[in-house]
Amino acid sequence: MSNSTPTTPATPATPAAAATPAKQDYRKTLNLPDTPFPMRGDLPKREPDWIKSWNDTTQGGGLYKRLRDARHGAPLFVLHDGPPYANGTLHIGHGFGKILKDMVVKSKQLAGFDAHFVPGWDCHGLPIENQIEKTHGRSLPRDKVQALSRAYAGEQIAQQMADFQRLGVVADWAHPYRTMDPGNEAGEIRVLKRLMERGYVYRGAKPVYWCFDCGSSLAEFEIEYADKASPTVDVAFPAADPAALAAAFGLPPPDKAAFAVIWTTTPWTIPANQALNLNPALVYALVWIGLLLILRISSAAGIAAAASAPVSAMLLGRPDLAPILAGFAVLVIWKHRENIARLRAGTEPRVGRSPA
């Protein structure tokens, strides 16, 4: 007899013990791009990080420096930044101007140019001085006003610079130009010296707007005009040579005064008038109204409708008559022919005739 132990028969596997098939990962069946962009924008937190990375000098000197290095030796494109005032927070005008400039510079960079963009600020002018007066009062010593203005401009530049960068404007923010910098002021004086040496600077007469309240000159865009109602008048300018005027129409020399009539809505400018201009494209008529001769713009039917009589002479574009009409305005002609007719005791005016 054998001493071995009988083998126990194997128990068949139950269905529950069978291997479970793995689930299908359908993401692996899709050809989707792999992007590091987050699902959430979260811009208030991410934008400052972007700006910090753009200005990180440890990464090749910052984004602007890397752009310059990438285009080193390429054709140069320089956009001069017309400087905004270093006064107040940004408004739509600031954003509109800087964003458009940024678009131009970036497009030139992509086109292969070495596109430079140096931002600037205007640190002089009445807006900054007014702000100092509002904050610290008037009648301050000049040195005090200058020191306060310089400090105020520096604060505004720092704030505006940060806001411009939040708009995504890429520029040489580390080296802006400021009109109050001594180097910039010295450069302006050198340029003025060269202009004077080349004869571009001369002495002349030009009106300068002055504010009596501020005690300072004003730029033209700072002027606000009040509404003013003025009369419209017809004015007769005496002819310097009536005989030459009549001869241009083929008429004999008149024994009466001759005038050229104009219409204006700015009568306050009349004392400064020196002469009248004729338009070669217009038709002119010399009209005798009994009191005087007048030269007026005509048309095929216009003069007949105005005076109810045929025209005996017309002038087709005679610019040589301009010097004949020199002189100051001395007489106002009434708009309506009835007024003239009453002066002539009801006699109808004659048209196109020289005085008898």
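Residues numbered from 1 in each chain as written. Predicted model: local features only at pLDDT ≥ 70, side-chain atom pairs only at ≥ 80, totals over all residues. Heavy atoms only, no water.

A word on the overall build of the chain
Note the cut-off: Secondary structure is summarised from DSSP: a helix means a run of H or I of at least four residues, a strand means a run of E of at least two, and numbering begins at the N terminus for each. Three labels apply to residues, based on accessible area from a 1.4 Å probe with only protein chains included: buried if under 20% of the type maximum, exposed if over 50%, partly exposed otherwise in between. Note on definitions: a residue-residue contact is assigned when non-hydrogen atoms from the two residues lie within 4.5 Å. Only the protein chains shown count as cover for residues, and the accessible areas themselves come from Shrake-Rupley with a 1.4 Å probe.
Across its full length, the chain carries nine helices and 12 strands. When the 356 residues of the chain are sorted by exposure, 28% land in the buried category. For the chain, restricting intrachain contacts to residue pairs at least 6 apart in sequence, the fraction spanning at least 24 positions comes to 72%. Working note: accessible area of the chain is about 24600 Å², and carbon and sulfur atoms make up 60% of it.

Structural notes on the nonpolar core
Just so we agree on the cut-off: Here, the term nonpolar core denotes a set of buried Ala, Val, Leu, Ile, Met, Phe, Trp, Tyr and Cys residues that are joined through side-chain atoms within 4.5 Å.
Counting 20 residues, the largest nonpolar core has Ala86, Phe117, Trp121, Cys123, Ala153, Ile157 and Trp173 as the members making the most contacts within it. Elements with a minimum of two residues in this core: β1 (76–80), β2 (114–118), α4 (126–136) and α5 (142–166). Considering every element that reaches this core, the biggest residue donor is α5, with six residues. Contacts of Ile157, omitting those with residues within four sequence positions, involve Ala86, Trp121, Cys123, Arg178 and Met180. One finds Ala239, Leu245, Ala248 and Leu251 within the second-largest nonpolar core, a separate group that totals eight residues.

As for the pattern of salt bridges
A side chain of one charge can pair with a side chain of the opposite charge if their charged atoms are brought near each other. Keep this limit in mind: Whenever Lys or Arg places a side-chain nitrogen within 4 Å of a carboxyl oxygen from Asp or Glu, that contact is recorded as a salt bridge.
Scanning the model with the defined rule gives 10 salt bridges in all. Note that Arg68 is salt-bridged to Asp114, the shortest N-O span being 2.7 Å. Linking Arg68 in helix α2 (residues 63–70) with Asp114 in strand β2, this pair joins segments that are 46 residues apart in sequence. On the basis of relative accessible area, Arg68 is assigned to the buried category, the value being 11%. With relative accessibility at 10%, the residue Asp114 sits in the buried group. In the salt-bridge network here, residues are joined through shared partners; they are Asp81, Lys98 and Lys101.

Some thoughts on the pairing of β1
So the rule is basically this: Note: two strands are recorded as paired if DSSP finds a minimum of 2 bridges between them. By convention a crossover is right-handed if, when the strands point away from the viewer, the path from the first strand over the helix to the second runs clockwise.
Residues Phe77 and Leu79 point to one face of β1 and are all buried, whereas Leu76, Val78 and His80, pointing to the other face, are not buried. Alignment of β1 against β2, held across five bridges, turns out to be parallel. Directly across from Leu76, in β2, lies its bridge partner Asp114. Regarding the hand of the β-α-β motif, the stretch spanning β1, helix α3 (residues 92–110) and β2 is right-handed.

Some points on α2
Note the threshold: The arc under discussion is defined with respect to the helix axis, by the directions toward the C-beta atoms.
Those residues of α2 lying buried are Leu63, Tyr64 and Arg68. Taken end-on, α2 shows its buried residues confined to a sector of 140°, consistent with a single buried face. Lining the buried residues of α2 we find α1 (43–54), α3 and β2.

Some words on the packing of aromatic side chains
Defined as follows: Side-chain rings of Phe, Tyr and Trp, where Trp is taken by its six-membered ring, are said to pair if the distance between their centres is within 6.5 Å; with planes under 30 degrees apart they count as stacked, over 60 as edge-to-face, and otherwise as tilted.
Evaluated as defined, the whole model comprises four aromatic pairs. When the centroid spacing of 6.5 Å and the interplanar angle of 65° are considered together, the rings of Phe77 and Phe113 count as edge-to-face. One end of the pair, Phe77, is in strand β1; the other, Phe113, is in the loop between α3 and β2, with 36 residues separating them in the sequence. Looking at Phe77, the relative accessible area reads 19%, which means it is buried. Taking 6.2 Å as the distance between ring centres and 15° as the angle between the ring planes, the aromatic pair formed by Phe164 and Trp173 counts as stacked. Owing to a relative accessible area of 0%, Phe164 belongs among the buried residues under this scheme.

Section: a nonpolar patch on the surface
To keep things clear, this is the line we draw: Patch building starts from residues that exceed 30% relative accessible area and form no salt bridge, then joins like charges within 9 Å and nonpolar side chains (Val, Leu, Ile, Met, Phe, Trp, Tyr) within 5 Å.
Residues Val191, Leu192, Leu195, Met196, Tyr200 and Val201 make up a contiguous nonpolar surface patch of about 550 Å² in total accessible area. Take Met196: it is sitting in helix α6 (residues 182–197).

Let's talk about unusual backbone geometry
For Ser139, which is not glycine, the phi torsion reads 60° and is therefore positive. Secondary-structure assignment places Ser139 in the loop between α4 and α5.

Observations concerning the packing of α4 against α5
Operational definition: Axis definition: a line fitted to C-alpha atoms, limited for helices to the stretch in contact. Angles are taken between N-to-C directions and run from 0 to 180 degrees. Here is the rule for angles: anything less than 35 degrees is roughly parallel, anything more than 145 is roughly antiparallel, 65 through 115 is roughly perpendicular, and the remaining ranges are oblique.
Put simply, α4 and α5 touch, their axes get as near as 10 Å, and they point 105° apart. Of the possible angle classes, the one that applies to α4 and α5 is roughly perpendicular. Contacts between α4 and α5 involve Ile128, Gln131, Ile132 and His136 on the former and, on the latter, Leu148, Ser149, Tyr152 and Ala153.

Describing the confidence of the model for the chain
Cut-off, in case you're wondering: A score from 0 to 100, pLDDT tells how confident the predictor is in each residue.
Overall, the prediction assigns the chain a mean pLDDT of 76, with 75% of residues at 70 or greater. Note on residues 299–356: pLDDT is under 50 here. Beyond four places in sequence and across chains, it has 123 contacts.

Focus: α5
In an α-helix, one full turn covers 3.6 residues, which means residues spaced three or four apart are oriented alike. Test applied: A helix is expected to reach a length of 1.5 Å times the quantity of its residues less one.
Compared with the 36 Å implied by 1.5 Å per residue over 25 residues, the 36 Å span of α5 between its first and last C-alpha is a close match. Looking at α5, one finds that the buried residues are Leu148, Ser149, Tyr152, Ala153, Gln156, Ile157, Gln160, Met161, Phe164 and Gln165. Looking at the residues trailing α5, positive phi occurs at Gly168, about 85°.

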